[in-house]
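Coordinates in review
In case you want the letters, here they are:
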Amino acid sequence: YTPAEEGECLPVVVWFHGGAYLTGSGESAFYDAFMLAQEGHIVVVSVSYRLGAFGYLHDEENGMVNLGLKDQIMALRWVQRNIGIFGGDPARVTIAGQSAGGQSVAAIIANTHEPLFAQAIIHSAPLAMQTNSQTARRLYRDFSRLLGKSYVDATTDEVLHAQRMCGRQSRSMMPFSPLNPRYYDLPPNPALQRVWITYQRDDASPFVAMALHHENCFGSLLDRLVMRIATNIVFAHPAQRFARHLQQSGVEVSVQCLDTQPKNSPYGACHCLEIAWLFGSWQHWQSSPMIGSMSQTQWQQQSRLFRRHWTDFVKGNQ
């Protein structure tokens, strides 16, 4: 998405979508960045990458590791080579993502050394949920048993079927994810200058609703207590820890808890709510339970405000 005229050299955002490394696409209408690019006068690149078993089933012995992450890094190299054609400045690239996309940004920061970006935005990243070598080996064994044949000899449908079965049997909400990302151990990319990290006040509420009620009748005192504990463990505390790690490495970091709660929303300031302000149109979001009873005018006001804060950071204005 580019508003650029010939000869312009605008700031660039490279966006990595969420979806627990199982769902989502850079081409999804929910990530339509037309308004973000036009209002902010920036170039936005939305990336698709391999998901599930195709991107995050790890076979360390044979070198099949973090293929989805490698896709993302390859996309950043493409941006460096080509974004000038679209009016973008390769020296002013911000990488950004939400949920698994935000976790991807943290993994990219920790696992690259090339000057592919200068800034980063991380929204609601579940940094507490990491895949280590032991977990990856167990998943690979289970997957291979369910597949019943060599991975390289299987059809796409067979791989997807084994993936679904593994997901049902796993106790993790993200069985497929980057292997050993070591966010807190590795020094950040030396080109990184500024990072903005956010989490939602009620980030875990949709997950608690699905786990305890299959999304119905969420809101009891017990629900709220479990949601608060889960939000702190999975999102808030790891975000703060990652911020401290970056600061100790000399990176400028700001951390925010986003607490905008749409009226009559059953889930409060929940996971994915920032996406409703950032991307898409009213037609995409008007039926979503997480925006409650907001009118179109209220949604537009909130969206413009959030997009302005967002693009101010991208441009270095805040």
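Our subject is the structure that appears above.
First, a word on scope: everything that follows refers to the structure included in this document. Given the structure is predicted, the values throughout are model-derived calculations rather than measurements. (Residues numbered from 1 in each chain as written. Predicted model: local features only at pLDDT ≥ 70, side-chain atom pairs only at ≥ 80, totals over all residues. Heavy atoms only, no water.)

1. Quick word on the packing of helix 5 (residues 133–147) against helix 6 (residues 156–169)
Rules: Only the stretch in contact is used when a helix axis is fitted, and all axes are lines through C-alpha atoms; the angle between N-to-C directions ranges over 0 to 180 degrees. We count a stretch as a helix when DSSP gives it H or I for four or more residues in a row; a strand needs E for two or more, and each element gets its number in order from the N terminus. An angle below 35 degrees is treated as roughly parallel, one above 145 as roughly antiparallel, one from 65 to 115 as roughly perpendicular, and anything else as oblique. Handedness of a crossing is defined here by the sense of rotation of the near helix relative to the far one, left-handed for an anticlockwise turn of less than a right angle and right-handed for a clockwise turn. We call two residues in contact whenever any of their non-hydrogen atoms come within 4.5 Å of each other. Residues were grouped as follows: Ala, Val, Leu, Ile, Met, Phe, Trp, Tyr, Cys and Pro as nonpolar; Asp, Glu, Lys and Arg as charged; and all remaining residues, including Gly, as polar.
At a closest axis distance of 9 Å, the pairing of helix 5 and helix 6 adopts a crossing angle of 125°. In terms of orientation, helix 5 and helix 6 fall into the oblique class. Remark: the crossing between helix 5 and helix 6 carries right-handed chirality. Residue-level contacts link Leu 139, Asp 142, Phe 143, Arg 145, Leu 146 and Leu 147 of helix 5 to Glu 158, Val 159, Ala 162, Gln 163, Met 165, Cys 166 and Gln 169 of helix 6. Considering only residue class, the contact of helix 5 with helix 6 consists of eight nonpolar, two polar and three charged.

2. Looking at the pairing of strand 5 (residues 194–200)
Across a regular strand the side chains alternate sides, sitting on one face of the sheet and then on the other. Let me state the cut-off plainly: Accessible area is worked out with a 1.4 Å probe on protein chains only. A residue is then buried under 20% of its type maximum, exposed over 50%, and partly exposed in between. Following DSSP output, two strands are said to pair if at least two bridges run between them.
Burial of strand 5 is extensive: seven of the seven residues sit out of reach of the surface. A two-sided burial pattern is seen for strand 5, the buried positions comprising Arg 194, Trp 196, Thr 198 and Gln 200 on one face and Val 195, Ile 197 and Tyr 199 on the other. Sheet analysis places strand 4 (residues 119–123) next to strand 5, joined by five bridges and oriented parallel. In the strand pairing of strand 5, Ala 120 is matched with Val 195. Pairing between strand 5 and strand 6 (residues 252–258): seven bridges, direction parallel. Residue pairing for strand 6: Arg 194 is matched across the bridge by Glu 252.

3. Things to note about the nonpolar core
The condition that has to hold: Only buried Ala, Val, Leu, Ile, Met, Phe, Trp, Tyr and Cys residues count toward a nonpolar core, and they belong to the same one when joined by side-chain atoms within 4.5 Å.
Counting 60 residues, the largest nonpolar core has Val 14, Ile 95, Ile 109 and Phe 242 as the members making the most contacts within it. In terms of residue count, the dominant contributor to this core is helix 8 (residues 221–248) (seven residues). When sequence neighbours within four positions are dropped, the list of residues in contact with Phe 242 reads Ala 106, Ile 109, Ile 122, Leu 127, Tyr 183, Tyr 184 and Ile 197.

4. Observations regarding the side chain of Gln 103
With respect to the helices, strands and loops of the structure, Gln 103 is situated in helix 4 (residues 100–111). Classification of Gln 103 as buried rests on a relative accessible area of 1%. Not counting chain neighbours up to four residues away, the residues in contact with Gln 103 comprise Tyr 21, Ala 125, Pro 126, Leu 127, Met 129, Met 174, Ser 177, Pro 178 and Tyr 183.

5. A short note on the pairing of strand 4
Put simply, the rule is: For crossovers, right-handed means that the path from the first strand over the helix to the second runs clockwise, given strands pointing away from the viewer.
Across the five residues of strand 4, five count as buried, placing the element largely inside the fold. Here strand 4 shows two buried faces, one formed by Gln 119, Ile 121 and His 123 and the other by Ala 120 and Ile 122. One crossover worth recording links strand 3 (residues 88–98) to the parallel strand 4 by way of helix 4, and it is right-handed.

Don't take any of this as a statement about function, it's just geometry.
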